[in-house]
Structure formats: structure tokens, C-alpha cells
Amino acid sequence: METAKAIEIEKKKLKAVIFDLDGVITDSATYHYLAWKSLAAELGIPFDEQYNEKLKGVSRMESLELILQNGNAASKYTIQQKEALADKKNNLYKELIRQISPADILPGIAAFLQELKANQIKIALASVSKNAPFILHQLALDTMFDYVADAAAVPNAKPFPDIFLAGMQAFGLQPHNCIGVEDARTGIEAIHRAGMQAVGVGTPEEMEGAELVTTTGELRLAMVLERLGMEL
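Owing to the predicted nature of the structure, the values given are computational and were not obtained by experimental measurement.

For the rest of this paragraph, the subject is unusual backbone geometry. Cis rather than trans, the peptide bond between Lys158 and Pro159 has omega equal to 20°. Tracing the sequence through the fold places Pro159 in the loop between β3 (147–148) and α8 (162–170). Even without being glycine, Ala140 reaches a positive phi, approximately 60°. Of note, Ala140 is situated in the loop between α7 (132–138) and β3.

Structural data, given as C-alpha cells:
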């Protein structure tokens with residue numbers, strides 16, 4: 001009986017928060033859109049903000065495949081040519097994100113990270129972006145994160161749970177002691193498939209299924225604990 005009670009208490013404790021990057025920490029998604037739009041225009045493929053929504057939380061090569069499919073050009077290029085196109089987009093993106101600064105941290109995020117640090121809660125980044133470490137450096141947030149998942153080493157992109165599991169496993173924790181913060185449906189699904197509760201940053205329609213739906217500006221540790229039924 002005492003063992004069961006100890007397990008129940010353990011299940012309620014929050015020990016790590018695992019964040020997505022784009023749309024959660026900063027809005028670098030705008031730069032992805034501009035880079036993809038430039039490449040699509042060069043290839044003569046239609047691409048707008050509405051279609052760009054399909055790319056949220058999706059890896060670079062998968063994003064390229066979606067764009068090529070939209071232009072009925074998926075079989076037009078070899079694997080090597082596709083890799084070159086993806087590299088071209090990434091080089092443009094890297095040029096664009098050089099202008100990112102701490103002023104681009106989304107409202108409430110810096111304060112929330114400080115709250116987590118003050119309460120000895122581990123912080124991880126689960127982003128499919130291979131440029132995540134550079135962006136964190138530009139935001140002057142690199143020292144705030146205890147672990148940054150290596151997107152290149154993760155076998156399967158979201159909605160598979162791999163990248164969230166990598167963060168959890170880096171701390172030697174169990175799913176019931178971790179939560180994920182996302183702004184995309186694929187990310188929410190990945191968090192749930194990892195066995196964690198999800199905080200969705202966005203509208204209720206976009207974040208359907210998340211245990212807590214809020215905005216970055218409203219993120220507070222006390223609210224998260226209360227709404228998710230957890231404690232320190």
C-alpha cells in the first residue's frame with residue numbers, strides 16, 4: 001500500500017519541461033516560410049502561407065517533399081538533387097536568422113524559463129531544426145537549456161515521439177514526470193505518443209487534444225501545475 005502511494009506521489013511531480021522552438025520560444029517560422037517561398041518560386045511551384053501550415057513541425061526533407069508534391073514535381077528530382085535543394089533553402093534560412101536577437105523571444109518565455117530554473121526543473125529543447133543551437137545562441141538562451149536534442153540523430157520526426165523521448169531519456173526520467181510545450185498538431189501528437197501531457201501554445205482549434213491550451217504570455221508554473229494535476 002505504501003509502495004502504491006509512493007508511486008502515485010512520484011507520478012505527480014514535474015521534473016522536466018521539453019520545449020519546441022519555432023512558435024514557442026521564438027517565431028523563427030517566419031524565416032522558414034520566406035526561405036521556402038523563395039525556393040518554391042525558383043522552382044515555379046505555388047507556395048503561400050496557407051500551404052506553409054502543412055510544414056509545421058515537419059523535417060526539412062519532408063517539407064521539401066510536400067512542396068514538390070504541391071507542384072507535381074516529386075519525381076522530377078533525384079535524391080541528390082533534392083538534398084541540394086534542401087541545402088539551398090537552409091543556407092537562405094541561415095542568412096535570414098542572423099538577424100534574430102533576444103528581442104525576438106516570445107512574450108512570457110524568458111520569465112517561464114527563469115521560473116523553471118528557480119525550481120530545479122530540467123529544461124530541454126525538442127526541435128526538428130538543425131539550426132536550433134545557433135538560434136538559442138542568437139536569443140542568448142543557450143545557457144538556460146540543460147539539453148538540446150540533436151535533430152540529425154533522431155530517427156523519426158514528429159508526429160513520432162522520438163525527439164521528446166530523447167529529452168526525457170537524457171534526464172533519466174519517466175513520461176509522467178515530463179511535459180511538452182508545442183504550437184503544432186504534429187507536436188502535440190508526438191508529446192502524447194511519448195506518454196507525456198501537452199501544453200499547447202495557440203488557439204483551442206489548433207491545439208486540440210492538449211491538456212492545457214494557453215499563450216506564451218500566460219505561461220506560469222503555478223497554472224501549469226494546477227491544470228495538469230502535478231506538483232514540484
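This next bit is on helix α6 (residues 109–118). Within α6, burial applies to Ile109, Phe112, Leu113 and Leu116. Along the long axis of α6, the arc covered by the buried residues comes to 100°, so they all point the same way. Where the residues of α6 are buried, they touch β1 (16–19), β2 (122–125) and α10 (221–228). Just beyond α6, the residue with positive phi is Gln120, at close to 55°.

Another aspect to go through is the pattern of salt bridges. Opposite charge on two side chains permits them to pair, given that their charged atoms come into close proximity. Taken as a whole and assessed by the stated rule, the structure comprises 9 salt bridges. Salt-bridge contacts for Lys88 lead to Glu42; the nearest nitrogen and oxygen are separated by 2.4 Å. Linking Lys88 in helix α5 (residues 79–96) with Glu42 in helix α2 (residues 29–43), this pair joins segments that are 46 residues apart in sequence. As a salt-bridge pair, Asp146 and Lys117 come within 3.1 Å of each other at their nearest N and O atoms. Of this pair, Asp146 sits in the loop between α7 and β3 while Lys117 sits in helix α6, and the two are 29 residues apart along the sequence. Classification of Lys117 by relative accessible area gives partly exposed; the value is 28%. Through salt bridges with shared partners, a single network forms among Asp20, Lys158 and Glu182.

A few words now on the packing of aromatic side chains. In the structure shown here, the tally under the stated rule is 5 aromatic pairs. Taken together, a centroid distance of 6.0 Å and an interplanar angle of 75° make the contact between Phe19 and Phe112 edge-to-face. Of the two residues, Phe19 sits in strand β1 while Phe112 sits in helix α6, which places them 93 residues apart along the sequence. Here Phe19 and Phe112 have matching classes, each one buried. Each ring, one from Phe19 and one from Phe145, has its centre 6.2 Å from the other, and the planes form 75°; the classification is edge-to-face.

Moving on, we come to α8. Taken together, the buried positions of α8 are occupied by Asp162, Ile163, Phe164, Ala166, Gly167 and Met168. As for α8, its buried residues are in contact with β1, β2, β3, β4 (178–182) and α9 (185–193). The first or second residue beyond α8 is Gly172, which carries a positive phi of 65°.

Two orientations exist for strands paired in a sheet by backbone hydrogen bonds: parallel and antiparallel. In spatial order, the strands read β3-β2-β1-β4-β5-β6; together these 6 strands make up an open sheet with parallel pairing. With one partner strand each, in any of the chains shown, β3 and β6 (212–214) form the two edges of the open sheet. Here 2 bridges tie β2 to β3, and the two strands are oriented parallel to one another. From the neighbouring strand, Ala124 faces β3, where its bridge partner is Tyr147. Helix-sheet contacts for α6 involve β1 and β2, and the interaxial angle to β1 is about 150°.

Scoring rules and cut-offs
Residues numbered from 1 in each chain as written. Predicted model: local features only at pLDDT ≥ 70, side-chain atom pairs only at ≥ 80, totals over all residues. Heavy atoms only, no water. Helix = DSSP H or I, 4+ residues; strand = E, 2+ residues; numbered from the N terminus. Buried < 20%, exposed > 50% of the residue type's maximum accessible area, 1.4 Å probe, protein only. Arc of directions from axis to C-beta. Contact = heavy atoms within 4.5 Å. Salt bridge = Lys/Arg side-chain N within 4 Å of Asp/Glu carboxyl O. Phe/Tyr/Trp six-rings, centres within 6.5 Å; stacked < 30°, edge-to-face > 60°. Pairing = 2+ DSSP bridges. Axes fitted to C-alpha atoms, helices over the stretch in contact; angles between N-to-C directions.

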